[in-house]
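So the chains spell out like this:
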Amino acid sequence: MPVTNAHLWVSTQKKLGFGLGSRSSDYQVYECYADRMGVVKHSFHCPSGDCVFWVEAEGFYPAVRTPIHYKITESKFNLQASLVENYKHVDVKMRKIINPQPMFAIGSGQFFAVEDNAFSRGFDLKIGDWVRPFGRGVVSDFIIEKHSNVSNGILSIHSVLRIDGKGNGAYVEKINKSSEFRSCYKADDRRLTKNEFVFDAVRFPDYTYKMSSPIVSDDEYMVLRTRSKYDEKGRLISCNYSKIFGEVKIQCGFSCMSAVFNPKENDTNMEFDRSKNLNDFSCGLLFP
């Protein structure tokens, strides 16, 4: 369905030759709007061949800033240029704001350090801290384990993120790179089957590293189901869902880009209202 209320901005340099250290006044910003077919057409001055555009629309999550390059021919002294390309067709898929809810979230500015080279600690995603006595956490949503040993000057590190308990589990998915809303709208119960994620690293005497793939890379996120409770007949009574954006790091502690915990039991909704963070002990970048 076309987004007919889309508002698009294009930023481009006013003159060729600006680079690092250029000021905002060196750029020209153009505004344009979608027609009834959701199409935006606009001409603008682009001497360098490079521009950045972004799109917003009421009722939708903003599309991320996207760079575009038009091919140019340059003079010998790089003082003049002409465009080889004069037209670009770009499709932008915007994601609707459906049902954002207040949730507990932690941001990229938080690092949960551990001084020991080997440890096993539970982490409470609701509180956003290690479980007592190492932090303020009460319930363990997952356990972080790290083991290391040194042999002939080579340090080997084995780290595990483990989700214990019947009915609990997780899966990892690629983020949506085009939208500010990067994850799924709802957790997929059928995929919440994995309970252990491993990260291995080796540090050589010259301090170079060989590492396995991250538990969650910077273009991925993890969806979790934890705190599952069952009745005496084995029927699921309640559980909670959450998501963690990568990169997830387990080195001298635990860190991630952002994490969100839905406190409403049995609610698979993953759409977080960033203006209603229930965690009063959070900082850094948060994703909806």
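Here the structure is shown first, and the text comes after it.
**Things to note about the sheet that holds strand 18 (residues 249-250)**
Working definition: the strands of a sheet are paired by backbone hydrogen bonds and lie parallel or antiparallel to each other. Ordered in space as 8-19-18, the three strands form an open sheet in which the pairing is antiparallel. Either end of the sheet is taken by a strand with one partner, and the two such strands are strand 8 (111-113) and strand 18. Here strand 18 runs beside strand 19 (residues 253-255); their pairing, made up of two bridges, is antiparallel. Opposite Ile-250, over in strand 19, you have Phe-254 as the bridge partner.

**Comments concerning the sheet that holds strand 3 (residues 50-56)**
As summarised here, the arrangement of the four strands in space is 2-1-3-4, forming an open sheet in which the pairing is antiparallel. Among the strands making up the open sheet, the edge pair consists of strand 2 (27-33) and strand 4 (63-69). The sheet shows a mean angle of 20° between the axes of neighbouring strands, taken without regard to direction. Pairing between strand 3 and strand 4: five bridges, direction antiparallel. Within the sheet, the bridge partner assigned to Cys-51 lies in strand 4 and is Ile-68.

**Comments concerning the packing of aromatic side chains**
Applying the stated criterion across every chain, the model contains 12 aromatic pairs. The interplanar angle of 10° and the centroid separation of 6.2 Å between the aromatic rings of Trp-9 and Trp-54 together place this pair among those described as stacked. Of this pair, Trp-9 sits in strand 1 (residues 7-13) while Trp-54 sits in strand 3, and the two are 45 residues apart along the sequence. Neither Trp-9 nor Trp-54 differs from the other in exposure class; each is buried. Pairing Phe-142 with Phe-254 gives two aromatic rings, centres 5.5 Å apart and planes at 65°, and the pair type is edge-to-face. In this pair, Phe-142 is assigned in strand 11 (residues 142-151) and Phe-254 in strand 19, connecting sequence segments 112 residues apart.

**A word on the pairing of strand 20 (residues 258-262)**
The buried fraction of strand 20 amounts to five of the five residues, a majority that puts the element mostly inside the structure. Here strand 20 shows no split at all, with Ser-258, Val-260 and Asn-262 on one side and Ala-259 and Phe-261 on the other all buried. Judged from the three bridges that link them, strand 7 (residues 101-106) and strand 20 form a sheet pairing that is antiparallel. Residue pairing across strands places Ile-106 opposite Ala-259, the latter belonging to strand 20.

Basis of the calculations
- Residues numbered from 1 in each chain as written.
- Predicted model: local features only at pLDDT ≥ 70, side-chain atom pairs only at ≥ 80, totals over all residues.
- Heavy atoms only, no water.
- Pairing = 2+ DSSP bridges.
- Helix = DSSP H or I, 4+ residues; strand = E, 2+ residues; numbered from the N terminus.
- Axes fitted to C-alpha atoms, helices over the stretch in contact; angles between N-to-C directions.
- Phe/Tyr/Trp six-rings, centres within 6.5 Å; stacked < 30°, edge-to-face > 60°.
- Buried < 20%, exposed > 50% of the residue type's maximum accessible area, 1.4 Å probe, protein only.

Note that all results are geometric; they support no functional claim without further evidence.
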